[in-house]
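Secondary and tertiary structure notes
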Amino acid sequence: MKVYFDNAATTAMDDRVIEAMLPFMRSHFGNPSSVHSHGREVRNAIEKSRKKVAELLNATPSEIFFTSGGTEADNTALVCGVETHGITHAISSPIEHHAVLHTLEVLEKKGKIKLSLLDVNSKGEIDHGQLEKLLKANPNSLVSLMQANNEIGNLNDLEKIGGLVKEYGAFFHSDTVQTMGHYSHDLKNLSVDAIVAGGHKFHGPKGSGFLFVRKDKKIHPFIHGGAQERNMRGGTENVIGIIGIAKALELAYEDMASHQAHIEKIKAHFIEKLSQEIPGVEFNGLSADLGKSLYTVLNVSLPPSEANRGMLLFNLDLEGISASGGSACSSGATVGSHVLRALNHNPERDSVRFSFSRFNTVEEVDYTVEKLKELYAVEA
Ligand SMILES: Cc1ncc(COP(=O)(O)O)c(C=O)c1O
């Protein structure tokens, strides 16, 4: 059996997304900046995609900018948010994705900002009181806090944080890469200034993404060049990526409630089975709390084991199960997860992030728990 439980790293593309993209690889190949008919038909398709994304998120088309993915959208919001609005202080947390943390660290190294990182407890929770204190002391701040953590699934309450940030007149960016297409976003009624998406996390193409920037918090471009994206991002558009991400988001919104119910059932079953079958199993962060975590992520901490130490992902892979130790970008590195380190996770225990999509089944969970049981039985 082959099991793909690494959907937080990337997801399989939906066939309907591929179908929507195909004509733009074949007949509709014009450059959208060209004024002739070949160009105009592609320009129209891009603008239709922008309108679709804006409608789904209750935003206006002029607030949506297509990018090469979540990383570029995060970099744009942070670097240009700081520069445009004369911001000299940023507040974030040690468990943000590196697309955010490394960008803020570079801004600090260049002397553009002072960076304050909120404390997190052993479950990865931040303290809103500490955030408010920092905002009070530094009113013109940029706050960057993700909606859901990609490794442990912890959800932040964007409404609560957004309300606080607004009260102090700060700029609020939230990395929504793991929640876009999995939860609905009503941007007219949510106090965020910038959010981001990467199409490959919700059955769209890799290398596609977008940035939402609220119209009264406009920022300068990050990539300079032609007048594409209304002067916000130079470079000939990734047309197939734009068509693909808009189609993927449309499909995600069409069946969001039933997908969520299906995936939640899989996650709840996984938690129950593991708790029954693997003595000493624990769950990192809030990932086993269904009400407080992303329904697509379960981060499992396994008891110390000589046979599996440092080899667990490899052993699972041998059984046909693809999972991850953390974010995809660092899973090949030996440094371990900065998120689990921030939670003071016991390094003697191996951790695996299992992440789900609507294509997974309960049978795959049973198979995986069976294999884990065998791997851990070697010890007993
Ligand atoms: C929370 C978070 N932010 C940003 C990214 C980067 O997105 P992309 O791969 O589209 O550049 C990821 C991808 O792993 C992520 O999980």
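Our subject is the structure that appears above.
Residues numbered from 1 in each chain as written. Predicted model: local features only at pLDDT ≥ 70, side-chain atom pairs only at ≥ 80, totals over all residues. Heavy atoms only, no water.

What follows is about the sheet that holds strand E9 (residues 282–283). A sheet is described by the order of its strands in space; here three strands give the open sequence E9-E10-E12, paired in antiparallel fashion. The sheet is open, and its two borders are formed by E9 and strand E12 (350–355), each paired with just one other strand. The pairing of strand E10 (residues 297–302) with E12 spans six bridges and is classified as antiparallel. Paired with Ser301 across the two strands is Ser351, which belongs to E12. (Pairing = 2+ DSSP bridges. Helix = DSSP H or I, 4+ residues; strand = E, 2+ residues; numbered from the N terminus.)

Another aspect to go through is the site of the ligand. Taken together, the neighbourhood of the ligand is formed by 13 residues, with Gly70, Thr71, Asp175, Gln178 and Lys201 sitting nearest. Here Gly70 contributes a backbone N or O atom positioned 2.8 Å from an oxygen atom of the ligand. Gln178 places a side-chain nitrogen or oxygen 2.8 Å from an oxygen atom of the ligand. When the free accessible area of the ligand is taken as 400 Å², the share hidden by the protein chains comes to 88%. No other element matches helix H3 (residues 70–84), which puts three residues into the shell around the ligand. Classifying every residue of the shell around the ligand by side-chain character gives two nonpolar, eight polar and three charged. (Near = heavy atom within 4 Å. Polar contact = N/O pair within 3.5 Å; in protein donor to acceptor, adjacent residues only side chain to side chain. Areas by Shrake-Rupley, 256 points an atom, 1.4 Å probe, with all protein chains shown as cover. Nonpolar A, V, L, I, M, F, W, Y, C, P; charged D, E, K, R; others polar.)

In contact at an axis separation of 10 Å, helix H5 (residues 128–137) and helix H6 (residues 158–167) are set at 20° when each is read in the N-to-C sense. Comparing the axis directions of H5 and H6 gives the class roughly parallel. The element H5 and its partner H6 pack so that their crossing is right-handed. Across the interface between the two elements, His128, Leu131, Glu132 and Leu135 of H5 pack against Lys160, Ile161, Leu164, Val165 and Glu167 of H6. Tallied by class, residues from the contact of H5 with H6 come to five nonpolar, one polar and three charged. (Axes fitted to C-alpha atoms, helices over the stretch in contact; angles between N-to-C directions. Parallel < 35°, antiparallel > 145°, perpendicular 65-115°, else oblique. Left-handed = near helix turned anticlockwise from the far one by under 90°. Contact = heavy atoms within 4.5 Å.)

Attention now goes to the side chain of Ser287. Note that Ser287 resides in the loop between E9 and E10. Given a relative accessible area of 0%, Ser287 falls into the buried group. A distance of 3.0 Å separates a polar atom in the side chain of Ser287 from the backbone oxygen of Asn284. At 3.1 Å, the side chain of Ser287 and the backbone nitrogen of Asn299 are in polar contact. Discounting chain neighbours no more than four positions away, the residues touching Ser287 are Ile152, Asn154, Lys267, Ser293, Val297, Leu298 and Asn299. (Buried < 20%, exposed > 50% of the residue type's maximum accessible area, 1.4 Å probe, protein only.)

This part takes up the pattern of salt bridges. Any two side chains of opposite charge can pair if their charged atoms end up close together. A full pass over the atoms with the stated rule returns 17 salt bridges. Its salt-bridge partner being Arg50, residue Glu47 comes within 2.8 Å of it at the nearest N-O pair. With Glu47 and Arg50 both in helix H2 (residues 37–57) and three residues apart, this pair spans about one turn of that helix. Its salt-bridge partner being Lys371, residue Glu374 comes within 3.5 Å of it at the nearest N-O pair. Separated by three residues within a single helix, Glu374 and Lys371 lie in helix H12 (residues 362–377), roughly one turn from each other. (Salt bridge = Lys/Arg side-chain N within 4 Å of Asp/Glu carboxyl O.)

Time to look at a positive patch on the surface. Taken together, the side chains of Lys188, Lys215, Lys218 and Arg230 make up a positively charged region of the molecular surface. Along the chain, Lys188 turns up in the loop between strand E6 (171–174) and strand E7 (194–198). Judged by its relative accessible area of 47%, Lys188 is partly exposed. (Patch = residues over 30% accessible without salt bridge, like charges linked within 9 Å, V, L, I, M, F, W, Y side chains within 5 Å. Lys, Arg positive; Asp, Glu negative; His and termini not counted. Charge placed at Lys NZ, Arg CZ, Asp CG, Glu CD.)

Taking 1.5 Å per residue as the helical rise, H12 with its 16 residues ought to reach 22 Å, and the 22 Å between its terminal C-alpha atoms agrees with that figure. Turning to H12, its buried residues are Glu364, Val365, Tyr367, Thr368, Val369, Lys371, Leu372, Leu375 and Tyr376. Elements that come into contact with the buried residues of H12 comprise strand E1 (3–4), helix H9 (256–277), E10, helix H10 (312–318), strand E11 (321–322) and E12. (Expected span 1.5 Å × (residues − 1).)

The next thing to look at is the sheet that holds strand E2 (residues 64–67). Strand order in this open sheet of seven strands is E2-E8-E7-E6-E5-E3-E4, and the pairing throughout is mixed. Both outer strands of the open sheet, E2 and strand E4 (114–117), are each paired with one neighbouring strand and no more. Going from strand to strand, the sheet's axes swing by 20° on average, the running direction of each strand aside. The pairing of strand E3 (residues 89–92) with strand E5 (residues 141–144) spans three bridges and is classified as parallel. Paired with Ala90 across the two strands is Leu142, which belongs to E5. Relative to E3, H5 is tilted by about 175°, and along the sheet it contacts E3, E4 and E5. Together, E5 and E6 form the strand contacts of H6, whose direction differs from that of E6 by roughly 160°.

Let us now look at helix H4 (residues 98–109). With twelve residues, H4 extends 15 Å from end C-alpha to end C-alpha; this agrees with the ideal 16 Å at 1.5 Å per step. All of the buried residues along H4 are Ala99, Val100, Leu101, Thr103, Leu104 and Leu107. As for H4, its buried residues are in contact with H3, E3, E4, E5, E6 and helix H11 (338–342). Residue Gly111 follows H4 closely and has a positive phi angle near 80°.

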